[in-house]
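Understanding the architecture of this molecule
Listed below, chain by chain, are the residues.
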Amino acid sequence: MVLRPVDARVLACLIEKETTVPDSYPLTANARRSACNQSTNRNPVTSYDDRTIDEALVSLKAAGLVRFVHPSHGGRTLRYRHVADERWELGSGELGVVALLILRGPETAATLRARAERFLDAGGVTVEEALTALMEREPDPFVRRLASGPGEREPRYQ
């Protein structure tokens, strides 16, 4: 399954926010827009409007990766949550690595290790184990190893 860049960004934001701000997850419309357009720790920085994000959410829902959470007793706001872990059968560590690579672009294993600590603690795997599992997925790997560029010591993963 190949996702459009905007779909991947919206999904990765939902995955990240589930772990980093569990008290406000599932996300409201305002929270998901803020997450998608966050300017720190993002590559590229985006400026999606609500309509673009809504279209991405509808596409992700059709793909079985997102669910809309309707308000219950006393609630007023529709919320959004991912179910990528169920759909793709990934652990939280592997899912976290995928989200970080989508949100931040190609990274080294060392950088991922530093940034994925929350995801990896919950999943009980190391970055190397998660990367290996994601690269060996059949029929389509989720991650690929890039050759080291000029002046780089470590390979990057995308």
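Above: the structure in question.
Because the structure is predicted, anything quoted here is derived from the model rather than measured. (Residues numbered from 1 in each chain as written. Predicted model: local features only at pLDDT ≥ 70, side-chain atom pairs only at ≥ 80, totals over all residues. Heavy atoms only, no water.)

Things to note about the side chain of Thr 108
Inspection of the secondary structure assignment puts Thr 108 in strand E3 (residues 107–108). Separated by 2.9 Å, the side chains of Thr 108 and Thr 111 make a polar contact. Apart from residues no more than four positions distant in its own chain, Thr 108 is found in contact with Glu 154, Pro 155, Arg 156 and Tyr 157. (Helix = DSSP H or I, 4+ residues; strand = E, 2+ residues; numbered from the N terminus. Polar contact = N/O pair within 3.5 Å; in protein donor to acceptor, adjacent residues only side chain to side chain. Contact = heavy atoms within 4.5 Å.)

Concerning the packing of aromatic side chains
Throughout the structure, instances matching the rule amount to two aromatic pairs. A ring pair is formed by Phe 68 and Tyr 80, whose centres lie 5.2 Å apart and whose planes are at 80°; its orientation type is edge-to-face. One end of the pair, Phe 68, is in strand E1 (residues 66–69); the other, Tyr 80, is in strand E2 (residues 79–82), with 12 residues separating them in the sequence. Relative to Phe 142, the ring of Trp 88 lies with its centre 4.9 Å away and its plane at 75°, an arrangement referred to as edge-to-face. Of this pair, Trp 88 sits in helix H4 (residues 84–88) while Phe 142 sits in the loop between helix H8 (127–135) and strand E4 (145–146), placing them 54 residues apart in sequence. Phe 142 sits in the partly exposed class, given a relative accessible area of 26%. Its end group placed over the ring of Tyr 80, Arg 32 keeps NZ or CZ at 5.0 Å from the ring centre. Sitting over the face of the ring of Phe 68, Lys 61 holds its NZ or CZ atom 4.8 Å from the ring centroid. (Phe/Tyr/Trp six-rings, centres within 6.5 Å; stacked < 30°, edge-to-face > 60°. Buried < 20%, exposed > 50% of the residue type's maximum accessible area, 1.4 Å probe, protein only. Lys NZ or Arg CZ within 6 Å of the ring centre and 35° of its normal.)

Some points on helix H5 (residues 92–104)
Compared with an ideal rise of 1.5 Å per residue, which puts 13 residues at 18 Å, H5 spans 18 Å between its outermost C-alpha atoms and is within 8% of the ideal. Within H5, the full set of buried residues consists of Gly 93, Glu 94, Leu 95, Gly 96, Val 97, Val 98, Ala 99, Leu 100, Leu 101, Leu 103 and Arg 104. One or two residues past the end of H5 sits Gly 105, with phi positive at roughly 80°. (Expected span 1.5 Å × (residues − 1).)

Considering the pattern of salt bridges
Under the definition given, this model contains 11 salt bridges. Across the pair Glu 128 and Arg 113 runs a salt bridge, and its minimum N-O distance is 2.3 Å. You can see Glu 128 sitting in helix H8 and its partner Arg 113 sitting in helix H6 (residues 109–115), a full 15 residues away along the chain. The exposure class assigned to Glu 128 is partly exposed, which follows from its relative accessible area of 35%. When the shortest N-O distance is used, the salt bridge between Arg 156 and Glu 152 registers 3.0 Å. Overall, the relative accessible area of 27% leaves Arg 156 in the partly exposed class. By sharing partners, the salt bridges in this structure join Glu 16, Lys 17, Arg 42 and Arg 104 into a single network. (Salt bridge = Lys/Arg side-chain N within 4 Å of Asp/Glu carboxyl O.)

Describing the sheet that holds strand E5 (residues 156–157)
Spatial ordering of the open sheet is given by E3-E5-E4, a layout of three strands whose pairing is antiparallel. The open sheet terminates on both sides in strands that have one partner only, identified here as E3 and E4. With two bridges joining them, E4 and E5 adopt antiparallel strand pairing. Paired with Arg 145 across the strands is Tyr 157, a residue of E5. (Pairing = 2+ DSSP bridges.)

Quick look at the nonpolar core
Residues Val 10, Leu 11, Val 97 and Leu 131 are the most contacted members of the largest nonpolar core, which totals 41 residues. Once you skip the residues sitting within four places of it in the chain, Leu 11 turns out to touch Leu 3, Leu 60, Leu 65, Val 66, His 82, Ala 84 and Trp 88. (Core = buried A, V, L, I, M, F, W, Y, C linked by side-chain atoms within 4.5 Å.)

Concerning helix H3 (residues 50–62)
Spanning 13 residues, H3 covers 18 Å between terminal C-alpha atoms, matching the ideal 18 Å at 1.5 Å per step. In this structure, the buried side of H3 is in contact with helix H1 (5–20), helix H2 (29–36), E1 and E2. Phi turns positive, to about 80°, at Gly 64, one or two residues after H3.

Taken by themselves, the reported measurements are silent on function.
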